[in-house]
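The chain contents come next:
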Amino acid sequence: MKPLFLTFALLVSGLAYCNYEAITDETTNEMDLSLSSGSIQVALLLDTSNSMDGLINQAKSRLWNIVNTMTTLKYNGETPEIQISLYEYGNSGLSEHSNFIRQVVGLTNDLDLISEHLFALRTNGGQEYCGAVINDAVKKLDWDAGKNSMKLIYIAGNEPFDQGGVSYKEAISEAVSKDIFINTIFCGNRDEGVRTHWKDGADKGKGKYFHIDSNAKIRYIVTPYDDQITICNQQLNATYIGYGSMGQARLKSQAAQDANAEELSGANYAERVVSKSKAVYSNESWDLVDRYEKDEEVIENLKKEELPKELQGKTQAQIKAYVEAKTNERDAIQKEIAELAKKRQAYIEKEQKKEGTQDDLGKAIASTIYEIAKVKGYTIQ
């Protein structure tokens with residue numbers, strides 16, 4: 001088993017090395033333009049066999065940047081729903097009967113849940129069966145049937161693509177029939193990836209083939225805006241009101257994912273905060289502010305014990321006033337973060353031009369997403 005140090009960032013930088021057969025716009029003619037908003041669904045299939053710690057650690061560092069890339073897209077002028085799924089494969093700690101595959105999280109818009117499970121992944125030796133994991137993701141995930149939805153699979157690995165008893169060609173054929181694009185990431189020499197069928201997988205899946213430098217390091221650019229973004233995040237967290245049986249637990253998880261992001265780097269932490277300032281970071285299942293925005297009657301319908309202790313003795317009118325005040329406070333903070341994010345990104349792009357290197361967290365992965373988005377009728381805001 002070969003060492004693999006892969007990241008969404010490496011996936012990104014790998015575009016410089018890939019030979020890609022351009023996506024045609026055949027699917028454009030099939031789009032259902034009667035639907036006002038689209039959806040973007042991304043399944044990440046990560047090899048967690050031996051020596052994959054670099055893959056996992058670096059993947060963690062690019063989660064929020066990928067989210068922020070997707071949030072720049074619009075469909076018919078509206079922000080699409082974003083869902084992410086996480087799979088691991090090739091880990092000998094998984095059952096051989098399941099082909100050493102585990103669906104860690106199904107397609108979900110709970111981004112903190114994805115982060116939580118991503119940080120919990122551990123590596124172990126095993127057998128990597130690409131056809132089997134693609135087949136599982138295609139058949140078992142709840143893919144949007146709407147023709148305006150954008151459905152992407154990214155599979156990362158370094159062993160031959162045709163290993164195992166499930167044909168990758170058959171699995172990918174079914175994916176294509178469901179309008180799912182398959183993107184493959186091979187760690188190693190381009191020609192080796194071609195010989196071991198990784199490029200063929202991408203070609204058949206109407207996606208992109210990447211071959212990346214396994215020794216590439218993530219480069220973080222510290223900006224003058226990171227400290228202020230940190231302060232804004234502390235203020236933002238104070239606007240969340242946990243309710244229901246999971247309210248307090250999810251508040252703790254939110255804080256834990258902040259800490260996980262910050263542990264990797266200040267730049268990664270800033271990326272997460274930017275994600276939290278956008279509509280895609282919605283937590284109506286446990287946060288009363290987000291829930292109230294979708295359903296103003298929620299306050300009337302909640303039982304006393306479902307409210308946080310500080311609100312249990314208040315009248316409905318008082319609770320409503322409190323929630324609306326927190327809503328206004330959050331809106332103001334999110335707008336401030338959005339302005340800081342623009343300045344931060346401009347600073348990053350300027351620094352990258354000085355160094356003469358391609359942005360490892362933006363342009364290449366944006367190209368992957370944006371080319372398919374163009375086919376599907378999405379626009380960049």
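Conventions used here
- Residues numbered from 1 in each chain as written.
- Predicted model: local features only at pLDDT ≥ 70, side-chain atom pairs only at ≥ 80, totals over all residues.
- Heavy atoms only, no water.
- Helix = DSSP H or I, 4+ residues; strand = E, 2+ residues; numbered from the N terminus.
- Buried < 20%, exposed > 50% of the residue type's maximum accessible area, 1.4 Å probe, protein only.
- Contact = heavy atoms within 4.5 Å.
- Salt bridge = Lys/Arg side-chain N within 4 Å of Asp/Glu carboxyl O.
- Polar contact = N/O pair within 3.5 Å; in protein donor to acceptor, adjacent residues only side chain to side chain.
- Axes fitted to C-alpha atoms, helices over the stretch in contact; angles between N-to-C directions.
- Parallel < 35°, antiparallel > 145°, perpendicular 65-115°, else oblique.
- Left-handed = near helix turned anticlockwise from the far one by under 90°.
- Patch = residues over 30% accessible without salt bridge, like charges linked within 9 Å, V, L, I, M, F, W, Y side chains within 5 Å.
- Areas by Shrake-Rupley, 256 points an atom, 1.4 Å probe, with all protein chains shown as cover.
- Lys, Arg positive; Asp, Glu negative; His and termini not counted.
- Charge placed at Lys NZ, Arg CZ, Asp CG, Glu CD.
- pLDDT = per-residue confidence, 0-100.
- Pairing = 2+ DSSP bridges.
- Nonpolar A, V, L, I, M, F, W, Y, C, P; charged D, E, K, R; others polar.
- Core = buried A, V, L, I, M, F, W, Y, C linked by side-chain atoms within 4.5 Å.
- Phe/Tyr/Trp six-rings, centres within 6.5 Å; stacked < 30°, edge-to-face > 60°.

A. Examining the overall build of the protein more closely. Along the backbone of the protein there are 14 helices and eight strands. Within the protein, buried positions represent 55% of all 381 residues. Considering only contacts within the protein whose residues lie at least 6 apart along the sequence, 81% involve residues at least 24 apart.

B. Summary view of the pattern of salt bridges. Counted under the stated rule, the structure contains 21 salt bridges. Note that Asp112 is salt-bridged to Arg272, the shortest N-O span being 2.8 Å. Residue Asp112 is found in helix H3 (residues 111-120), and its partner Arg272 is found in helix H10 (residues 266-276); the two are separated by 160 residues along the sequence. Of the two residues examined, Asp112 and Arg272, each falls in the buried class. Residues joined in a network through salt bridges with shared partners are Asp112, Asp258, Arg272 and Lys276.

C. Looking closely at the side chain of Asp179. Considering the arrangement of structural elements, one finds Asp179 in the loop between helix H5 (168-177) and strand S6 (180-187). Assessed through its relative accessible area of 18%, Asp179 is described here as buried. Polar side-chain contacts of Asp179 include one of 2.4 Å to the side chain of Lys376.

D. Highlighting the packing of H3 against helix H9 (residues 247-264). Interaxial distance between H3 and H9 falls to 10 Å at its minimum, and their mutual angle equals 55 degrees. One element, H3, and the other, H9, form an angle in the oblique class. Once H3 is placed against H9, the crossing between them reads as left-handed. Residues Asp112, Leu113, Ser115, Glu116 and Phe119 of H3 lie in contact with H9, whose contacting residues are Arg250, Ser253, Gln254, Gln257, Asn260, Ala261 and Leu264.

E. Up close: a negative patch on the surface. Taken together, the side chains of Glu296, Glu297, Glu300 and Glu324 make up a negatively charged region of the molecular surface. Among the structural elements, Glu296 can be located in the loop between helix H11 (288-294) and helix H12 (298-301).

F. Structural view of the confidence of the model for the protein. For the protein, mean pLDDT is 86; residues scoring 70 or higher make up 86% of the total. Contacts for the low-pLDDT stretch residues 1-35, under 50 throughout, to residues beyond four places or in other chains number 111 contacts. Throughout residues 358-362 the model reports pLDDT below 50, and contacts reaching past four residues in sequence, or to other chains, amount to 21 contacts.

G. Fine view of the sheet that holds strand S1 (residues 39-47). Read across the open sheet, the six strands follow the order S4-S3-S1-S5-S6-S7; overall the sheet is mixed. Where the open sheet ends on each side, the last strands, each with one partner, are strand S4 (101-108) and strand S7 (206-212). Neighbour-to-neighbour, the strand axes of this sheet turn through a mean angle of 15 degrees, independent of strand direction. Against the sheet, H3 contacts S1, strand S3 (81-89) and S4, and its axis sits at roughly 15 degrees relative to S3.

H. How the structure looks around the packing of helix H8 (residues 226-237) against H10. The N-to-C vectors of H8 and H10 enclose an angle of 45 degrees; their axes lie 10 Å apart at closest approach. Our classification of the angle between H8 and H10 gives oblique. Judged by the twist between their axes, the crossing of H8 over H10 is left-handed. Across from Asp226, Ile229, Thr230, Asn233, Leu236 and Asn237 in H8, the residues of H10 making contact are Tyr269, Ala270, Val273 and Lys276. For the contact of H8 with H10, the per-class residue count stands at five nonpolar, three polar and two charged.

I. Structural view of the nonpolar core. Grouped together as the largest cluster of nonpolar side chains are 51 residues, with contacts concentrated most on Ile40, Met70, Ile84, Leu86, Met150, Leu152 and Tyr154. Counting residues per element, this core draws most heavily on helix H2 (residues 53-70), which supplies eight residues. Apart from the residues lying within four places of it in its own chain, the contact partners of Leu86 are Leu44, Leu46, Arg102, Gln103, Val104, Val105, Ile114, His117, Leu118 and Leu121. Ranked by size, the runner-up nonpolar core spans 29 residues in total, among them Leu45, Tyr89, Val138 and Tyr168.

J. The arrangement of the packing of aromatic side chains in detail. Enumeration over the complete set of coordinates arrives at seven aromatic pairs. Every member of this aromatic cluster is reached through a ring pair, and the members are Phe161, Tyr168, Phe186 and Trp198.

K. Highlighting the side chain of Ser277. Relative to the assigned elements, Ser277 resides in the loop between H10 and H11. Residue Ser277 is classed as buried on the basis of its relative accessible area, which comes to 12%. Reaching out from Ser277, the side chain makes a polar contact with the backbone oxygen of Val274 at a distance of 2.6 Å. Not counting the four nearest positions on each side in its chain, Ser277 is found in contact with Gln334 and Ile337.

L. Structural detail: helix H4 (residues 130-140). Of all 11 residues in H4, nine are buried, a share of seventy percent or more. Listing the buried residues of H4 in full gives Cys130, Gly131, Ala132, Val133, Ile134, Asn135, Asp136, Ala137 and Val138.

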